[in-house]
Every structure is written in structure tokens, then in C-alpha cells.
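Structure assessment
In case you want the letters, here they are:
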Amino acid sequence: MLVIAIIFIISALILYSLSIWSEKIKKGLKLWMVRTFASAFACDLIGTSMMFCLASVKFEWNLHSICGYGALIIMGLHLAWAL
């Protein structure tokens, strides 16, 4: 399950990068870019959820968890803005 979670996280990184850089290079937002970003967000949520299930400690306030969940919130807001 760990390998699958890692694959989802890496897929999210690639899809996020593709959508963000494409929008920057084209200087405009296309529908396929929004779909790619939404797919990246879905991969990120799935990968993070799988990692959460694998963790021995379910939740702990530390820098890693604050940054991780903060990033998910920012990506969700970014997706809502693009939509």
C-alpha cells in the first residue's frame, strides 16, 4: 500500500507541475489545464489518505502535518478559483 501511495503523490507532483507550467507558458487557462489540476488534487488527496491510514500515530500537530494539510487547503482553494 505504501508503494501505491507514493505513486499517487508522485503523480500529483507531475500533474500539478504540468498544469501550472502550462498555464504560465501559454499565459491563459484552458479547460484541459483545469482538468489536469483537478486530477492532481485527487491524486494528492488519495495519496495523503493512504499515508494517513498507514501511519501509526493518526494525527499529531507538528510542522509536517501543518504544512501538509495547509498545502491541501491551498490547492483546494486554487482549484475552486480555477473552476
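Residues numbered from 1 in each chain as written. Predicted model: local features only at pLDDT ≥ 70, side-chain atom pairs only at ≥ 80, totals over all residues. Heavy atoms only, no water.

Observations concerning helix α1 (residues 2-26)
The line we're drawing: Strands are runs of DSSP state E lasting at least two residues, helices are runs of H or I lasting at least four, and both sets are numbered from the N terminus onward. An expected span of 1.5 Å times one less than the residue number is assigned to each helix. For every residue, the accessible area (1.4 Å probe, protein chains only) is compared with the maximum for its type, and the residue is labelled buried under 20%, exposed over 50%, or partly exposed between those bounds. The criterion used for residue contact is that any of the two residues' heavy atoms lie within 4.5 Å.
Here α1 is 25 residues long and its end C-alpha atoms lie 36 Å apart, about the 36 Å a rise of 1.5 Å per residue gives. All of the buried residues in α1 are Ala5, Ala12, Tyr16, Ser19 and Ser22. Summarising the contacts, the buried residues of α1 are in contact with α2 (31-54) and α3 (63-82). At the exit of α1 stands Lys27, carrying a positive phi of roughly 60°.

Here we look at the layout of surface pockets
Filter applied, for reference: Here a cavity denotes grid points, spaced 1 Å and computed from the protein atoms alone, that fit a 1.4 Å probe unable to get out, and a pocket denotes an open set having protein on both sides within 12 Å along at least 5 of 7 lines; residues with an atom within 4 Å of a point are the lining. Grid points are joined across faces, edges and corners, and a volume is the space filled by probe spheres set on the points. Charged means Asp, Glu, Lys or Arg here, nonpolar means Ala, Val, Leu, Ile, Met, Phe, Trp, Tyr, Cys or Pro, and polar covers whatever is left, Gly included.
A volume near 510 Å³ is recorded for the largest pocket. Taken together, 19 residues make up the lining of the largest pocket; nearest its centre are Thr48, Met51, His64, Ser65 and Tyr69. The dominant element in the lining of the largest pocket, judged by the number of residues it contributes, is α3, at 7 residues. Partitioning the lining of the largest pocket into residue classes produces 10 nonpolar, 6 polar and 3 charged. Put simply, the second largest pocket is a space of about 180 Å³. Taken together, Ser19, Ile20, Glu23, Leu29, Met33, Val34, Phe37, His78, Trp81 and Ala82 form the lining of the second largest pocket.

Distances and angles like these do not, on their own, reveal function.
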